[in-house]
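Coordinate analysis (summary)
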Amino acid sequence: MNKKIRIAFFDAKDYDIASFDQEKANRNVEISYFETRLTEETVRLAEGYDAVCIFVNDMVNRQMIDTLYDLGIRLIALRCAGYNNVEIEYAFKKVHVVRVPAYSPYAVAEHAMALLLTSIRRIHKAYIRTRDFNFSLSGLTGFDLHGKTVGVIGTGKIGRIFVNICRGFGMNVIAYDKYPMADSDIKYVELDELWRESDIISLHCPLTDESHNLVNADTIAKMKKGVVLVNTSRGALINSEALLDGIKSRQIGAACLDVYDEESSIFFHDFSGHIVEDDTIARLISMPNVIVSSHQGFLTKEALSNIAETTLNNVEEFMATGCCKNEICYKCGKFAECNREQGMKCF
Ligand code: NAI
C-alpha cells in the first residue's frame, strides 16, 4: 500500500470534519484536524505533513510561506474559492496553491436572496416578535421586489445565478462586470449608472486591489436614497465606516452582510457572553436595518460535500502528477505565459 498523504487541516469545524471524514473513506489520505487557525504561531504544527488545508480566514503571509517551505511543505490546499488570504505572489516558486473554484454557486446566490427577503420583509423582526406572542404588525411594512431594479456587480458563477433568481421575482436586472460576458442577455451598464439606478445592489465580484472598498463614501453618495446593499462576496469590498455613515444618514435603507472586512477575528467563533471589541460591527449589528450572517453563504450540505471532494481530488492529483487543474498563481489569467494555460503546474 502506498504511503498515505498526510494533510494538516486548520480551522477545522464540526461540519468540515463530518464532510471530509466521509469523503476520505476510500482514499489514500490521512487528515489531522486542528481547531486552531493557521497563524505565525501555529504554522509549525504542519511539520511532518505533505500539505496544509486552510479556509478563508487562515492568513498566509510571507514569513509563514518561508516556514512552510522550510518544513518541506509544497502544497497549500484552499478549501474555498477566494485566495486573497494567501500572499500568492510570494508563494510563487515556493509553495503551490490549489483551490476549489466552485462548490455550490447556488448556495451563495440563494443565501444572498434569503438575506434580501429577510431584510425587506422584516422576517428577522417578525420571528422575534411572534416568539414573544407579539402579533403586532407595526413597523414590519416591506416592499415588493417585483418591478424593482437590482444592480449586480460581478456576473460570474454566483452573480449569474443571482441574476436568474432576481428575474424569477420579476425584477429589472442591470449589471456591471470588469469582463462582461459576451453574447449574454444581461444588460451591462457602467458603474455610475448602476449606482444611480439600482434599488438593490448585490456584490458578487472578487476582492482585488481594484475592487477594494468599491462601496465607499463617494459611491454611496451616488446611490439612490434608501438603496439596499447585499454583500455575500468579501467584506473589504465595502468600507464599513462609510456604510455606517450611510445608514445613519438614511442614504442606505438596509444592508445584508454575509461578510465583513474585519471578520477574520470574529466570524466562525462564539462570542456570546463576551464584550465585543470591534465597535464598527457592534454598531452595525445594533441597527434595525442591518442583517449580519457570519460568512455562511457556502454552508449547505451540497457545497460541503463538493468542497471535500474537490479538495481531496486536488491534493491527490497534485501529489500523484505534480500538477493540478485547480492550481492558481499570481500570473493565472493575467499572462499568457502561465504554464497552467498548457495544463501544467504554475511553476
Ligand atoms: P467568479 O470568478 O465566477 O466571478 C467573479 C466575476 O467578477 C467575474 O465575472 C469577473 O469578471 C468579475 N470581476 C472581477 N473583478 C471585478 C471588478 N473589479 N468589478 C466587477 N466585476 C469584477 O466568482 P464566483 O464563484 O461567482 O464568486 C464571486 C465571489 O463570491 C468570490 O470572489 C468570493 O469572494 C465570494 N464567495 C463567497 C462565499 C460565501 O460563503 N459568502 C462563498 C464563495 C464565494
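Anything mentioned here points back to the structure above.
Residues numbered from 1 in each chain as written. Predicted model: local features only at pLDDT ≥ 70, side-chain atom pairs only at ≥ 80, totals over all residues. Heavy atoms only, no water.

**Digging into the pairing of strand S9 (residues 227-231)**
Burial within S9 is extensive, with five of its five residues counted as buried. Because side chains alternate across S9, one face comprises the buried residues Val227, Leu229 and Asn231, and the other comprises Val228 and Val230, equally buried. Sheet topology places strand S8 (residues 200-203) next to S9; four bridges connect them, and they run parallel. The partner of Ile201 across the bridge, within S9, is Leu229. (Buried < 20%, exposed > 50% of the residue type's maximum accessible area, 1.4 Å probe, protein only. Helix = DSSP H or I, 4+ residues; strand = E, 2+ residues; numbered from the N terminus. Pairing = 2+ DSSP bridges.)

**Points about the side chain of Thr232**
In this structure, Thr232 sits in the loop between S9 and helix H9 (240-248). Among the residues examined, Thr232 registers a relative accessible area of 7% and is labelled buried. Filtering out sequence-adjacent residues up to four positions away, Thr232 remains in contact with Val108, His111, Ala112, Leu115, Leu203, His204, Asp258 and Val259. (Contact = heavy atoms within 4.5 Å.)

**Overview of the packing of aromatic side chains**
As enumerated under the stated definition, the model contains nine aromatic pairs in all. Aromatic side chains Phe9 and Tyr33 sit 5.0 Å apart centroid to centroid with 65° between the ring planes, which places their arrangement in the edge-to-face category. Within this pair, whereas Phe9 is found in strand S1 (residues 5-9), its partner Tyr33 is found in strand S2 (residues 29-33), the two being separated by 24 residues in sequence. By relative accessible area, Tyr33 is classed as partly exposed at 23%. Between Phe10 and Phe34 the ring centres are 5.3 Å apart and the planes differ by 35°, which places this aromatic pair in the tilted class. Taken together, the residues span a long stretch of sequence, with Phe10 in the loop between S1 and helix H1 (14-24) and Phe34 in the loop between S2 and strand S3 (51-54) at a distance of 24 residues. No difference in accessibility class separates Phe10 from Phe34, as the two residues are buried. Among the aromatic residues, ring-to-ring pairing joins Phe9, Phe20 and Tyr33 into one connected group. Over the face of the ring belonging to Tyr49 we find Arg6, whose NZ or CZ atom lies 4.3 Å from the ring centre. Over the ring of Tyr90 we find Lys94; its NZ or CZ atom is 4.0 Å from the centre of that ring. (Phe/Tyr/Trp six-rings, centres within 6.5 Å; stacked < 30°, edge-to-face > 60°. Lys NZ or Arg CZ within 6 Å of the ring centre and 35° of its normal.)

**Here's the deal with the environment of Asp16**
Here Asp16 shows up in helix H1. Relative accessible area serves as the criterion here: at 8%, Asp16 is assigned to the buried category. In this structure, the C-alpha to C-alpha distance between Asp16 and Cys80, residues 64 residues apart in sequence, is 12 Å. Those residues within four positions of Asp16 in sequence are excluded, and the remaining contacts are Phe9, Asp11 and Arg79.

**What about the sheet that holds S8?**
Taken in spatial order, the six strands of this open sheet run S7-S6-S8-S9-S10-S11, and their pairing is parallel. At either end of the open sheet lies a strand with only one pairing partner, and these are strand S7 (172-176) and strand S11 (290-292). This sheet shows a mean twist of 15° between the axes of neighbouring strands, independent of strand direction. Examined bridge by bridge, strand S10 (residues 252-257) and S11 share three bridges and lie parallel to one another. (Axes fitted to C-alpha atoms, helices over the stretch in contact; angles between N-to-C directions.)

**A look at unusual backbone geometry**
Peptide bonds are trans in most cases, and residues, glycine excluded, mostly fall at negative phi. Positive phi, normally seen in glycine, also occurs at Asn213, with a value near 55°. Following the sequence through the fold, Asn213 ends up in the loop between S8 and helix H8 (217-222). Residue His295 is not a glycine yet carries a positive backbone phi of 50°. Here His295 shows up in the loop between S11 and helix H11 (301-321).

**Topic: the site of the ligand**
Surrounding the ligand, one finds 23 residues, the nearest of these being Lys157, Ile158, Asp177, Thr232 and Asp258. Within the contact set of the ligand, an oxygen atom lies 2.6 Å away from a side-chain nitrogen or oxygen of Asp177. When the ligand sits alone it has 870 Å² of accessible area, and the protein chains cover 87% of it. Residue classes in the shell around the ligand are distributed as nine nonpolar, nine polar and five charged. (Near = heavy atom within 4 Å. Polar contact = N/O pair within 3.5 Å; in protein donor to acceptor, adjacent residues only side chain to side chain. Areas by Shrake-Rupley, 256 points an atom, 1.4 Å probe, with all protein chains shown as cover. Nonpolar A, V, L, I, M, F, W, Y, C, P; charged D, E, K, R; others polar.)

**Topic: the packing of H1 against H11**
Relative orientation of the contacting elements H1 and H11 amounts to 55°, with a least axis distance of 9 Å. On the basis of the axis angle, H1 is oblique to H11. Here the hand of the crossing between H1 and H11 comes out right-handed. Contacts between H1 and H11 involve Tyr15, Ser19, Phe20, Glu23 and Lys24 on the former and, on the latter, Leu304, Ile307, Ala308, Glu309, Thr311 and Leu312. Class assignment for the residues of the contact of H1 with H11 results in six nonpolar, two polar and three charged. (Parallel < 35°, antiparallel > 145°, perpendicular 65-115°, else oblique. Left-handed = near helix turned anticlockwise from the far one by under 90°.)

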